Amino acid sequence: MSLSPRWRVVLLSLLLTAGPAFAADRPAQAPAVASKVQKPGHAAIASANFLATNAGLEVLAKGGNAFDAAVAVASTLSVVEPESSGLGGGFMAVLRRASDGREVFIDAREVAPAAVDPKDYLNPDGSPNRDAALVGPLSAGIPGEPAGLAWLSEHYGKLPLATSLAPAIRTARDGFEPDSRLRHAIAERADDLRRWPASAAKYLVGGKAPAEGTLWRDPDQARTLQILARQGHEGFYQGEVAKKLVSAVRAAGGNWTEADLAGYRVKERAPISIDYRGYRVVTAPPPSSGGVAIAEILNILRGVEMDKLDHAQRVHYVIEAMRRAFRDHNDYLGDPDFVKMPLDMLLSPFYADGLRQSILPDQATPSSMLPTSGAHDPGPHTTHFSIIDKDGNMIAVTSTVNYTLGSTFVAAGTGVLLNDEMDDFALVPGKPNVYGLLGSKANAPVGGKRMLSSMSPSLVLGRDRTAVIGSPGGSTIITQVLEGILAFIDGKDASAIVAQKRFHHQFLPDRVDVEEGVFDAATTRELERMGYSLHPRSPWGFMNVVTWDHRSNALDAASDPRRPSGLGKVQ
Ligand code: GLY
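Presented here is an overview of the structure given in this document. Since the model is a prediction, treat every value here as computed from it, not as a measurement.

Definitions and cut-offs
- Residues numbered from 1 in each chain as written.
- Predicted model: local features only at pLDDT ≥ 70, side-chain atom pairs only at ≥ 80, totals over all residues.
- Heavy atoms only, no water.
- Near = heavy atom within 4 Å.
- Polar contact = N/O pair within 3.5 Å; in protein donor to acceptor, adjacent residues only side chain to side chain.
- Areas by Shrake-Rupley, 256 points an atom, 1.4 Å probe, with all protein chains shown as cover.
- Nonpolar A, V, L, I, M, F, W, Y, C, P; charged D, E, K, R; others polar.
- Helix = DSSP H or I, 4+ residues; strand = E, 2+ residues; numbered from the N terminus.
- Buried < 20%, exposed > 50% of the residue type's maximum accessible area, 1.4 Å probe, protein only.
- Pairing = 2+ DSSP bridges.
- Phe/Tyr/Trp six-rings, centres within 6.5 Å; stacked < 30°, edge-to-face > 60°.
- Axes fitted to C-alpha atoms, helices over the stretch in contact; angles between N-to-C directions.
- Parallel < 35°, antiparallel > 145°, perpendicular 65-115°, else oblique.
- Left-handed = near helix turned anticlockwise from the far one by under 90°.
- Contact = heavy atoms within 4.5 Å.
- Core = buried A, V, L, I, M, F, W, Y, C linked by side-chain atoms within 4.5 Å.
- Salt bridge = Lys/Arg side-chain N within 4 Å of Asp/Glu carboxyl O.

**Considerations on the site of the ligand**
Argument step 1. Close to the ligand lie Arg109, Thr400, Asn402, Glu421, Asp424, Ser453, Ser454 and Met455, which account for all nearby residues.
Argument step 2. Within the side chain of Arg109, an N or O atom sits 3.0 Å from an oxygen atom of the ligand.
Argument step 3. One of the side-chain N or O atoms of Asn402 is found 2.8 Å from a nitrogen atom in the ligand.
Argument step 4. The fraction of the free accessible surface of the ligand (200 Å²) that becomes covered by protein chains is 99%.
Argument step 5. The residue makeup of the shell around the ligand, split by class, is 1 nonpolar, 4 polar and 3 charged.

Have a look at this one:
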């Protein structure tokens, strides 16, 4: 291949930036963050379902804080929005405790069972077995959500776990009317649900998705939640519930053991913290790829004089930053307890300087030009909620069972719908997962290892304004949250942030996914002239944002207008 002089410059600077980790960092400009003693005096919650938001408000009214409310919201989502998250899945959260300013990342991500065998995800001819990766018990990692809820309550909450779980137990026991998203998700996955008797019994009515107005009860999950409420962590991971989970999984061809469940632990990790234009973004570290990618993109962009560029050029730089961050996502990232990652390098402003230099001012960089060491549209899966309480505690939680209704496998007698998070590992080298993401050895499946996630719950802390932000959306979580952060820093309010049109690039496939109307005709023409291939995509996430204006002390909450039943509420 012969290269033009400009491509030689690109390639040279990329090779220069692909070196070892940089030890030094530029002195950080400490952004001014609102005083930790400031209190809004009221609270706000934005979640994907009004029953879950109300559960959080109910627990706040009983004297709980944002972390108790998070337990109430997440556990209620397990009942009313099982297509997105639940006890059989896992979550990642970034929180800030007002009393001492403690910022921490709660990793309640699923882990691979000890007996994981990559061959189980291959067909006899060596091609990827997508069914094993996405449906049934082999696709399920050991859940982290129940442990995470117990951890949040015990270490950060004010109320007993039983009080925070009470709304979810009541809703599961007494029933609720499934919303249109849940009814559609069940209809979409009905063929898979029919494969497992306990799944069909739980989700199908007369063999079909429940009709509008059906009162729907979930007594098995109510019982499992009650045991969790009474016994805490052990109530799920040992004893009756654990035995039922393991026996159901093994009877259907899975490989979980009671030791896998008994060994599950929540991890607390230091969040990634990155300064950008007077704000500090506090976001998810590995085993999420989200925070590393967001930090890398912001580091690239902060060296670009965005104010001096026209719209198409600004978009061009954002896309090129996304492309480079996702290249690194594929090459380097995995579970920090299992792999060494060059995080010093990836998070260094010097590394970003090199990447920025490789961006031509008026031309797309084909992904094939970027040296490497190595989609599917997002459906109604994964969920995010944001909370700030009256004392200024804040928490961003993104929770998932992976694909819509996870593995579709309900463990008989527990009401627990298992995730299909094993597909988030790089199960077959060189083959993409359901989100079109590739991975390297760093994200290969190993017993006890956490699969890489895109979940990017984030806090954006400034002197005058703060945002708690996140979204579902598979690999697009990262770019949606990034665009939300940029919009907030540009001064947009919560409603404008969630409504803003979106675009996405993830290195491979080498295309820009665009929401209808995101670019005007002139910008579209200019981007196509630069060499971008624009690809219409729908749907786009379900962002839930709470903002706090420290000058007026006003809280604002907003839910993505793209889907029904999302509600932001301020109390
Ligand atoms: N299961 C989607 C994610 O964690 O990124």
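From this point, the discussion proceeds with the structure in view.
**Some thoughts on the environment of Gly239**
Argument step 1. Its place among the elements puts Gly239 in the loop between α11 (233-237) and α12 (240-251).
Argument step 2. Once the C-alpha coordinates of Gly239 and Ala262 are considered, the two residues, 23 residues apart in sequence, prove to be 9.4 Å apart.

**Describing helix α17 (residues 349-357)**
Every α-helix carries 3.6 residues per turn, so stepping three or four residues along brings you back to the same face.
Argument step 1. Here α17 lies mainly inside the structure; 7 of its 9 residues are buried.
Argument step 2. All buried positions along α17 are accounted for by Pro349, Tyr351, Ala352, Asp353, Gly354, Leu355 and Arg356.
Argument step 3. One side-chain oxygen at the N-terminal end of α17 lies 2.9 Å from the backbone nitrogen of Phe350; it belongs to Ser348.

**Quick notes on the side chain of Ser139**
Argument step 1. Looking at where Ser139 falls in the secondary structure, it is placed in the loop between α4 (130-134) and α5 (145-156).
Argument step 2. By relative accessible area, Ser139 is classed as buried at 0%.
Argument step 3. At a separation of 2.6 Å, a polar atom in the side chain of Ser139 contacts the main-chain carbonyl oxygen of Gly136.

**Observations regarding the pairing of strand β7 (residues 383-388)**
Argument step 1. The element β7 is largely enclosed, with a buried count of 6 among its 6 residues.
Argument step 2. On β7, burial covers both faces: Thr383, Phe385 and Ile387 on one face and His384, Ser386 and Ile388 on the other are all buried.
Argument step 3. Two strands pair when backbone bridges link them, and strand β1 (residues 44-47) and β7 are joined in this way by 3 bridges, in the antiparallel orientation. Bridging from a neighbouring strand, Ala44 pairs with Ile388 of β7.
Argument step 4. Of the pairings in the sheet, the one linking β7 to strand β8 (residues 394-400) comprises 6 bridges and is antiparallel in character. What sits directly across from Ile387, in β8, is Ile395.

**A word on the packing of aromatic side chains**
Where two aromatic rings form a pair, the distance of their centres and the angle of their planes describe that pair.
Argument step 1. On inspection of all chains with the given rule, the structure shows 8 aromatic pairs.
Argument step 2. An angle of 70° between the planes, with centres 5.6 Å apart, marks the rings of Tyr279 and Phe488 as edge-to-face. The residues Tyr279 and Phe488 share a single accessibility class, namely buried.
Argument step 3. Ring pairs connect the aromatic residues Phe176, Tyr203 and Trp216, which therefore count as one cluster.

**Brief notes about the packing of helix α14 (residues 290-301) against helix α18 (residues 476-489)**
Helix-helix packing is described using two parameters, namely the angle between the two axes and the distance between the axes.
Argument step 1. Two numbers describe how α14 lies on α18: the axes approach to 10 Å, and their chain directions differ by 45°. With respect to α18, the axis of α14 lies oblique. Relative to α18, the crossing made by α14 is right-handed. On α18, the residues that touch Gly290, Ala293, Ile294, Ile297, Leu298 and Leu301 of α14 are Ile478, Val481, Leu482, Ile485 and Leu486.

**Side note on the nonpolar core**
Argument step 1. Core analysis: the biggest nonpolar cluster contains 162 residues, and Leu152, Ile395 and Phe503 have the highest contact counts within it.
Argument step 2. In this structure Leu152 touches Phe67, Ala70, Val71, Phe91, Leu95, Ile106, Gly157 and Ile395, once residues within four positions along its chain are discounted.

**A look at the sheet that holds strand β5 (residues 272-276)**
Argument step 1. Spatially, the 6 strands line up as an open sheet ordered β5-β6-β11-β12-β16-β17, and their pairing is antiparallel. The sheet terminates laterally at β5 and β17 (554-559), the two strands that pair on one side only. Across this sheet, the average inter-strand angle for adjacent strands is 15°, counted without regard to direction.
Argument step 2. Here 6 bridges tie strand β16 (residues 544-549) to β17, and the two strands are oriented antiparallel to one another. Looking across to β17, one finds that Asp549 is bridged to Ala554.
Argument step 3. α14 rests against β5, β6 (279-283) and β11 (458-461) of the sheet, and its axis sits at about 20° to β5.
Argument step 4. Taken strand by strand, α18 contacts β5, β6, β11, β12 (465-469) and β16, and its axis lies near 165° from that of β12.

**A word on the pattern of salt bridges**
Argument step 1. On inspection of all chains with the given rule, the structure shows 43 salt bridges.
Argument step 2. For Arg269, the salt bridge goes to Asp107, with nearest N and O atoms at 2.9 Å. On the criterion of sequence distance, the pair formed by Arg269 in strand β4 (residues 267-269) and Asp107 in strand β3 (residues 103-108) is long-range, its members being 162 residues apart. Comparing Arg269 with Asp107, the two get one shared label, buried.
Argument step 3. Where Asp424 meets Arg109, a salt bridge forms, and the shortest distance between an N and an O atom there is 2.8 Å.

**Digging into the sheet that holds strand β13 (residues 503-504)**
Argument step 1. As summarised here, the arrangement of the 3 strands in space is β13-β14-β15, forming an open sheet in which the pairing is mixed. The sheet terminates laterally at β13 and β15 (534-536), the two strands that pair on one side only.
Argument step 2. Bridging between β13 and strand β14 (residues 512-514) involves 2 bridges; their strand directions are antiparallel. Bridge pairing links Phe503 to Val514 in β14.

**Points about the environment of His233**
Argument step 1. Within the fold, His233 resides in helix α11.
Argument step 2. The spacing of His233 and Asn65 is 168 residues in sequence and 20 Å in space, taken between C-alpha atoms.
Argument step 3. If we ignore the near neighbours within four places in the chain, the residues touching His233 are Ala147, Ala150, Leu228, Tyr264 and Arg265.

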